Amino acid sequence: MKRAQLLTGLVLVALVVLTAVVAVFWTPFDPIRVVPGQRLLGPGWPHVLGTDGFGIDIASRLMVGARTVLLVGIISVGLSAVVGVPLGLLAGQAGGWVDEVVMRLADIVYAFPALLLAILLASVFGASTLTAMAAIGVATIPAFARVARAGTLEVMASDFVLAARASGTSRWGIARRHVLPNIAPLIGVQASVGFAMAILAEAALSYLGLATPRPNPTWGNMLRDAQQFLFVAPLQALWPGLAIALAVLGFNLLGDGLRDYLDPRLREVP
Amino acid sequence: MHAVSSRRPHRGPIRALAAVLGLALAIVLAACTPSSPQSTEKPLRALAVGATLEPASMDPWHNTAASIPQVLLYNVYETLVKVDTNGEIKPLLAQAWEVSADRRVYTFHLNPAAKFASGAPVDAAAVVANITRLKGDTRLTETLRAQLAVVAGAQASGNNQVQITLLRPSTMWLYDMSSTLGMMLDPSATGDLNTTSAGSGPYAVKAHNQGQSVVLAANTAYWGNPPRFDEVTFRYFTDPNAMNAAMLGGDLDVISNLQAPDALSQFADTTQFTTISGTTNGEVVLGVNHDNKALAKLEVRQALTRAIDRRALLDTVWNGQGTLIGSMAVPTDPWYEDLSATNAYDPDAAKALLKEAGYSSGLSLRLRVPVVPYAVKSAQFVASQLRDVGVKVTIEELDFTRWLDEVFTKGDYDMTIVAHVEARDLGKFANPKYYWHYGDEKFAALYDAADQAPTEEQADAGMKAAVRYLADDAAAIWLFALPNLVITKATISGVAQNATTLSFDLTTITSR
């Protein structure tokens, strides 16, 4: 059961990654070129999933959308991990007032809605993929900081850290040699779950017009465009919706599966 | 649905799947559900009208947005003369008027019964006070200032008789007076005009709920035919689908102009809904900033025009509803002719013209559009077709208030798309300060000559020449004229077929 969960997650994630990689080099049709007279075609051949209101092949747009989603996921999760993990490490190792200050700052960021940040960034710099990445990245920093801090506290209380401290290893050395390797699995799981969150957030932002601008396709703005055809061509909304659902599901399952796989206490007895 | 499924005790994939599908579905279904719960206790005679753009204030003199006169003109503020549904000038506050032989002095005979909501009469002194107030107003919108420039002054020649003198004859002037320029404000008004009103019309502004609606209440002391509704609410929807859903759900009585023509079939049931299809004055203009070095070149503007297949654009973005115009005139204008074949679609010619202008290696332009359905959809179409001829277009979507500030007022754009809904508005091109910065002196001369022409025939012929000049000079790119697609409940009648003015005229509407 656990194995199946991990496997399903892996397959779904691999599918998204593969689609995105292929889309870098090839799509069946031009994903932004309007083709008048071909609008709102149903699924068939050569347009496997049909065409949208501009006569553009939906499958091609979905493929490019996967590329955007992956890019936003990698950058924003990367950003929050690169900032969040060292902060969590610092708080966990130093303790005392440093811990207090860092974690309260994290709480403040946590309390600040990502959407508000995205609106702010979009109105100052103009909505773009970059502003969406920044908003999602910053908003998820506290999650990484918390996970890293909790992990650090646990490791710091262990006997081998005590031994390392007794033998005069510096704080930096302990962090590098003992803490980081031990909390790496935790961070990995958090990254996978964070990725799922990032995909959903990106879809929501571009649905609201606060991320990648037209005419570049994203799953969110495809959903927005499909909305006006709900009664005429309901399948329009299904494809991007399904893509978002499967991608989020994939990363969530992968995260859950990884956690169970890496945590010996949850491992099933054969 | 989402909340219920997450409370279930199952762990693992099923819960995750349900949650994820729930979220995705919630996004999809957001469009289908009415945006607010239906109000069950409405006052006796109420009318709910769905509209797209929310007015920023209730002050039409200092804000150019057409959404303000949509609510106020003829309903709250009245004018001396009014344009009827056939586009002809009819009496309103003035029972009759005479024009002097040199066409410079207009004498209006005011209706002695007319009075403001405060009870004060709309007499000659009030009209003079209004003209004087506008003349002295330094914050007046650029459009009104330009329209007012022709007026020398006004003076009372009797208690109910007023003479307005012009500096020169003007064909357009009386039309302008039938719109925002002619709105008569109670001279004794002291309230904040951003939120209250002081007009002579059958309704008065009761409330402006920012982000939602404007509520008008009947003026029980109205001097003309008593208003047919006690309360009229204009509700604003940025999302056309939400407006359609509200109509289908019974929350609205009228959709003032359908913004999702693809959804027309939803209202096909004639026992429930009436669909009215007519014309508007709304020219959807792909405006170019003539201050831009590239766009100042005729070849570039011609190339851009030739690169866009406007028939296909209309079919794609507005479901083929609407009219191709090709210049700044609509079919209800006396000087209208179909100029859509001028600079007709020809991508190869467009490429050649770009090469000739020195932009064969490419040209990058910012297309900054307000978030309104016709503009956003047209922008994507335009960007795609211009890309085909080697012009790189970056689309930026701005909410309408920001668009007004940055594009319309500050001129920070290369290209933009907006509908110009004022009647007979080609004169805007004669104003070099207007946001297109089109300072063509030849056009200005043509327009002024037509405006000052001694007879109506000569004026019409002159306007026709001016309109044609605009098309030949590709002063802008005219995408199409918006249709007037009104949906009403079957019980509502009297909504005008053609939107000939800025007003959503409530005075003709009745409910069964």
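Computed from a predicted model, the values in this text were never measured in an experiment.

With that settled, the discussion passes to the overall build of chain B. The secondary structure content of chain B amounts to 14 helices and 18 strands. For 512 residues, the compact-globule estimate of 2.2 N^0.38 gives 24 Å, and the C-alpha radius of gyration of chain B, at 24 Å, lies within 12% of that figure. Principal-axis analysis of the C-alpha atoms places the extent of chain B at approximately 85 × 65 × 40 Å. Relative to its full complement of 512 residues, chain B shows a buried share of 55%. Long-range contacts, defined as pairs at least 24 residues apart, comprise 70% of the intrachain contacts of chain B with a sequence gap of at least 6. Carbon and sulfur atoms make up 52% of the accessible area of chain B, which totals about 20100 Å². Here chain B contributes 42 positively and 52 negatively charged side chains, and the mean placements of these two sets differ by 6 Å.

Okay, the confidence of the model for chain B next. All names here are of chain B. Scored by pLDDT, chain B comes out at a mean of 88, with 92% of its residues at no less than 70. Here helix 1 (residues 2-7) stands out as the element of chain B with the lowest mean pLDDT, 38, in contrast to strand 15 (residues 415-420), whose mean of 96 is the highest. Of the regions scoring below 50 in pLDDT, residues 1-13 engages in ten contacts with residues more than four places distant in sequence or in other chains. Counting contacts from residues 27-39, a segment whose pLDDT is below 50, to residues more than four positions away or on other chains yields 22 contacts.

Residues and elements named next belong to chain B. With twelve of its 13 residues buried, strand 16 (residues 477-489) lies for the most part within the structure. Where strand 11 (residues 254-255) lies against strand 16, two bridges are found, and the strand directions are antiparallel. Bridge pairing in strand 16 places Ile255 opposite Ile487. As paired elements, strand 12 (residues 273-288) and strand 16 share eleven bridges and run antiparallel to each other.

The next point concerns the environment of Gln70(B). Residue and element names in this part refer to chain B. Tracing the chain through its elements places Gln70 in helix 3 (residues 67-72). For the pair Gln70 and Pro55, spaced 15 residues apart in sequence, the C-alpha to C-alpha distance is 9.0 Å. Apart from residues no more than four positions distant in its own chain, Gln70 is found in contact with Ala51, Asn75, Phe234, Ser256, Leu502, Ser503 and Phe504.

Our focus in this paragraph is the domain arrangement of chain B. All names here are of chain B. Assigned domains of chain B: these are domain 1 (54-182), domain 2 (203-278 + 484-511) and domain 3 (280-483). For domain 1 and domain 3, the distance between their C-alpha centroids amounts to 30 Å. With 15 residues of domain 1 in contact, the opposing surface of domain 3 contributes 21 residues. In total, about 1400 Å² of surface goes out of reach between domain 1 and domain 3, with carbon and sulfur atoms giving 56% of it. Broken down residue by residue, the surface that domain 1 buries against domain 3 is led by Glu142, Thr171 and Met172, which jointly contribute 37%. The closest approach of N and O atoms between Arg168 and Asp451, which form a salt bridge, is 3.2 Å. Seen at the junction of domain 1 and domain 3, the total is seven residue pairs in polar contact (both at pLDDT 80 or more). Of the residues forming the side of domain 1 that touches domain 3, the biggest block, three residues, is contributed by helix 5 (residues 142-148). In terms of residue class, the side of domain 1 that touches domain 3 is made up of six nonpolar, six polar and three charged.

The rules behind these values
Residues numbered from 1 in each chain as written. Chains lettered and ligands numbered in written order. Predicted model: local features only at pLDDT ≥ 70, side-chain atom pairs only at ≥ 80, totals over all residues. Heavy atoms only, no water. Helix = DSSP H or I, 4+ residues; strand = E, 2+ residues; numbered from the N terminus. Rg over C-alpha atoms; globule rule 2.2 N^0.38 Å. Buried < 20%, exposed > 50% of the residue type's maximum accessible area, 1.4 Å probe, protein only. Contact = heavy atoms within 4.5 Å. Areas by Shrake-Rupley, 256 points an atom, 1.4 Å probe, with all protein chains shown as cover. Lys, Arg positive; Asp, Glu negative; His and termini not counted. Charge placed at Lys NZ, Arg CZ, Asp CG, Glu CD. pLDDT = per-residue confidence, 0-100. Pairing = 2+ DSSP bridges. Domains from an automatic or database assignment. Buried area = accessible area lost by both parts, 1.4 Å probe. Salt bridge = Lys/Arg side-chain N within 4 Å of Asp/Glu carboxyl O. Polar contact = N/O pair within 3.5 Å; in protein donor to acceptor, adjacent residues only side chain to side chain. Nonpolar A, V, L, I, M, F, W, Y, C, P; charged D, E, K, R; others polar.

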